Amino acid sequence: MGHCSEQRTGFEVTKDWNGADQVAIRSPRGASVRVCLHGGQVVSWRNHRGEELLFSSSKAFFKPPKATRGGIPICFPQFGNCGTLEQHGFARNKIWTIDDEAPPLNYGDNNNNKASVDFLLKPSEDDLKCWPHCFELRLRVSLSMDGDLSLISRVRNVNGKPFSFAFAYHTHLSVSDISEVRIEGLETLDYLDNLSQRERFTEQGDAITFESEVDRVYVGCPGVIAVLDHEKKRTFIVRKEGLPDIVVWNPWEKKSKTMTDFGDDEYKQMLCVDAAAVERAITLKPGEEWTGKLELSAVASTNCSDHLDHPGRLL
C-alpha cells in the first residue's frame, strides 16, 4: 500500500508504491475510499467489513501516464475513441491537485454526515495544444456514514468561446460471477451497440444478463438503476444526475485475451456500469458550469426494492 502518510482534516494523504499521491477517506463505521491524484481516480471503495466493492485488474499498470485498469476513471472530454483525442480523453491520465479552496456546491452536498475531499484539474499547455479550450474540472469524492460513495463533477468554461465535451464515470464494479449478475432499470430503453457500429436497438429483456461480450450505451436512462449479484446476495444501487446515459461493458473471454492490462479470466469478476453523457455532447458557453453526479450504494439484495421504488433525492 502506501507510506509517508500526511494526516489532514477528514482525510489522509499517502504515497503508493510508485510515489504517486493517494487520498484515503474513512467513515467512522469502517468504510473507506482511496483516490489517486493520477487521474483523480477512485481506486478502492470498501464497505465496513473491509470488502472491496470495485474491480481492479491484477495486471493493471500503476504507473503514469497509463491509466489504471479498474476503479472509477474519469472520462473527459471524450468517451471511447469517438473523437480525435486519446481513448476516453486525457483527464484520467493527468495529475490532479487537492482543491482546498473549492467553491461551494449549489446542490446541498455540504453535508456534515459525509467525509469529502475536493480535487481539481486544469489544462496544461500540452492539453491546450490537442484540445484548445480553457476549463476547470472539479471533483468532490464523498463517503457517507453508511459507506455510500458519491462523486460530483463540475466543468466550468473559462474560455472565451463555447466548447462541447463528453463525460463518464467509468465504474468497474466487483462481482462474484458475471453470468449470475443482472441489471434492472434499463428495460425497454434504446441503446447504441458499439459492437455493431453504434447501431440503435431497443432493449427487449426484462433485465440485462450476460453470456457474451457487451458494449452498449443506454440513452435517456432513469435516475436510479440496480445491479444484482445473486451469488453475493448484494445489489449495487446506482443513482445519477446530469448524466442521461448508462454505458454497460464487459469484454468477455475473447477480448480479454487481447488486453495486456487485463487477466484472461477477469471478465468473470467485473462489470462496468458507467453514468455518462455520451450520445449528446454537453455544450458550455463562456462562464457556464455543468454538474454531473453519481452515488453508489451496496446493499443486501433483499433490501434493494425500496431503493428502486422510492429513489428519493440524489445525494
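In the nomenclature of an unreviewed UniProt entry, the protein chain is known as glucose-6-phosphate 1-epimerase of Miscanthus lutarioriparius. The protein chain has a UniProt comment under Catalytic activity (unreviewed entry) that states "alpha-D-glucose 6-phosphate = beta-D-glucose 6-phosphate". In the Sequence similarities (unreviewed entry) part of its UniProt record, the protein chain is described as follows: "Belongs to the glucose-6-phosphate 1-epimerase family."

Caption draft 1: Summary view of the pairing of strand β21 (residues 270–284). Counting buried residues along β21, 11 of its 15 residues qualify, which places the element largely inside the surrounding structure. Note that strand β11 (residues 163–169) and β21 share six bridges and pair antiparallel. Across the sheet, F163 pairs through a bridge with L284, a residue of β21. Summarising the sheet, strand β12 (residues 172–174) and β21 pair through three bridges and their orientation is antiparallel. Across the sheet, residue L173 finds its bridge partner in β21, namely L271.

Caption draft 2: Looking closely at the packing of aromatic side chains. Here the structure, examined in full by the defined rule, presents 17 aromatic pairs. Ring geometry for F55 against F262: centres 5.7 Å apart, planes inclined by 55°, an arrangement best described as tilted. With F55 in the loop between β5 (41–46) and β6 (74–75) and F262 in the loop between α2 (252–256) and β21, this pair connects stretches of sequence that are 207 residues apart. Across this residue pair, the class does not change: F55 and F262 are buried. Seen from their ring centres, Y191 and Y218 are 5.0 Å apart, and the 45° between their planes marks the pair as tilted. Here Y191, found in strand β14 (residues 190–193), pairs with Y218, found in strand β17 (residues 214–218); they are 27 residues apart in sequence, far enough to count as distant. The same class applies to Y191 as to Y218, namely buried. Clustering of aromatic rings is evident, with ring pairs tying together F76, F90, W131, F135, F163, F165, F167, Y169 and W290. The lysine or arginine in question, R216, covers the ring of Y191, its NZ or CZ lying 4.4 Å from the ring centre.

Caption draft 3: Focus on the environment of G205. Mapped onto the secondary structure, G205 falls in the loop between β15 (199–202) and β16 (208–209). Residue classification places G205 among the partly exposed positions, given a relative accessible area of 26%. In the structure, G205 is positioned 17 residues away from T188 in sequence and 7.5 Å away in space, judged by C-alpha atoms.

Reading the values: the criteria
Residues numbered from 1 in each chain as written. Predicted model: local features only at pLDDT ≥ 70, side-chain atom pairs only at ≥ 80, totals over all residues. Heavy atoms only, no water. UniProt positions renumbered as here; feature names shortened; annotations may be inferred. Buried < 20%, exposed > 50% of the residue type's maximum accessible area, 1.4 Å probe, protein only. Helix = DSSP H or I, 4+ residues; strand = E, 2+ residues; numbered from the N terminus. Pairing = 2+ DSSP bridges. Phe/Tyr/Trp six-rings, centres within 6.5 Å; stacked < 30°, edge-to-face > 60°. Lys NZ or Arg CZ within 6 Å of the ring centre and 35° of its normal.

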